[in-house]
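Topology and contacts: notes
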Amino acid sequence: MLKASSLLYAIFICLVVSLICGSLILIFNYQYRLNQQFFLENELVNYSETNFLKVIDQLNTSQLSTNGSINSDDNRLTTTYSISKWGFYDLIKTKTYFKNDTIYKTGLIGSKTVNTKLALYLTDYNTELKIGGTTKIIGDVKVSSFGVEQAYINNQSFTGSRLVEGHIGVSKDKLPTLSLAVNQTVVEKELYYDELKNKTLYNSFYQPTIRVIVEETYDFGDIELSGNFVIESKDSLVIRETAQLKDVLIKAPKVTLNSGFNGNVQIFAKERVHVMKDVNLLYPSSIYIDNDDEEKPLNVYLGEKSKLAGGIVLTSKTYEASLNRLITIDKDAQVLGDIYCYGKTQLKGKVIGTVYTDRFYLETSGATYENHIVNGTINKLEQPNYFIGLPLFNDNTRVYELIKEL
């Protein structure tokens, strides 16, 4: 006969075995759920990335609506997208979701001209382009039918072996027509600069745009702003080197960037933009002035040893106003990108890209000269193939590509 204690042992062993088996089942089930979640998240990430690139690719093949959605074949995953403007560039925002899991992606999109070596487009006003000193023009050019000649100014003759290292073609009597569509941002929130001094703020592009209002003439500094901000002033605005700005827009009639400033900004002015010595405007930065006032002088100045990666546009709708417009790239200053000037360009520094200008201008201690370049450089071939510049023109040779994720 079995003892009563044996039954208790048997029940205890069965209980232990049951607990072990139950634990194994729970562990297996939990591991299965983790694997399923991992694969789902991986699928969601891949689907988000694929559709983000698909939206960019469709910009090259068709006119997309500003809002839309893309569904997976089994309708489990959905990506919604929106396209708006952020300064010069397109801003694409996507949201990919499955049930409660969501992935957001935001990118700044630009366009570039493929298979072009154009370094200079100079409007044909029936006068030759004269170059002297150490001037280098590397790439194809389009100038008047009078061509390119050597200049001799201030005891400086042309020191190079070739006037232009590229093909010389004939331009037209006007610049190529711009097709810019700049900032269309809707501001839903306003803050005053005085409230934000000594603060560090980030605003996602999925949040409402914040306008930072700077009252009267003001030195703007001791602040760090990144993301979806528009800094606005109705007067002159001086950006000090103590301001840390990334991906923001600046709007004011007159803007000055103090020496030593380092940041990534797009500037929209009405009268002038002065970039002082040793300023570093990181990619993609840009300067834009559009004003039809024929009496008011408009100018963009890039100071000695300063750098800008992006581009500069100075324009209006009238020829008369163009006589009062000037872009100056000072000695040892450098622009990586395109310059478009419906006016005069004074080039003492270097442009790695393309210059479109109505005429050149040179001021020395003793005189001024039209259509002269002395000791300036334009080098289109040095521009990296992956560089994406300003979307200046609307033509079939331009392709949209991702500049950066935000």
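Residues numbered from 1 in each chain as written. Predicted model: local features only at pLDDT ≥ 70, side-chain atom pairs only at ≥ 80, totals over all residues. Heavy atoms only, no water.

Below, the discussion takes up the overall build of the protein. Helix and strand content of the protein: 3 helices and 32 strands. In terms of overall dimensions, the protein is more spread out than a globule: its C-alpha atoms have a radius of gyration of 29 Å, far above the 22 Å expected for 406 residues. Within the protein, counting contacts between residues at least 6 apart in sequence, those at least 24 apart form 52% of the total. Entry remark: accessible area of the protein is about 20700 Å², with carbon and sulfur atoms responsible for 50%. Across the protein, the centroid of the 42 positively charged side chains sits 4 Å from that of the 46 negatively charged ones. (Helix = DSSP H or I, 4+ residues; strand = E, 2+ residues; numbered from the N terminus. Rg over C-alpha atoms; globule rule 2.2 N^0.38 Å. Contact = heavy atoms within 4.5 Å. Areas by Shrake-Rupley, 256 points an atom, 1.4 Å probe, with all protein chains shown as cover. Lys, Arg positive; Asp, Glu negative; His and termini not counted. Charge placed at Lys NZ, Arg CZ, Asp CG, Glu CD.)

With that settled, the discussion passes to the pairing of strand β23 (residues 298-302). Along β23, the buried face is formed by Leu298, Val300 and Leu302; none of Asn299 and Tyr301, which line the opposite face, is buried. Inspection of the sheet shows strand β21 (residues 272-275) paired to β23 by 4 bridges, in the parallel sense. Bridge pairing in β23 places Arg272 opposite Asn299. Bridge analysis of β23 against strand β25 (residues 325-329) gives 5 bridges, and the strand direction is parallel. Looking at the pairing, Tyr301 lines up with Thr328 of β25. (Buried < 20%, exposed > 50% of the residue type's maximum accessible area, 1.4 Å probe, protein only. Pairing = 2+ DSSP bridges.)

Before going further, it helps to spend a moment on empty space enclosed by the protein. In total, this model carries 1 cavity of 30 Å³ or more according to the counting rule given. Empty space within the largest cavity amounts to approximately 40 Å³. For the largest cavity, the full set of lining residues is Trp86, Leu108, Asp247, Val248, Asn264, Val265, Gln266 and Pro284. Listed by contribution, the elements that provide at least two residues to the lining of the largest cavity are β18 (243-251) and β20 (262-269). Each residue belonging to the lining of the largest cavity can be placed in one class, and the counts come to 5 nonpolar, 2 polar and 1 charged. (1 Å grid on protein atoms, 1.4 Å probe; cavity = no way out; pocket = protein on both sides within 12 Å on 5 of 7 lines; lining within 4 Å. Points joined across faces, edges and corners; volume = space filled by probe spheres on them. Nonpolar A, V, L, I, M, F, W, Y, C, P; charged D, E, K, R; others polar.)

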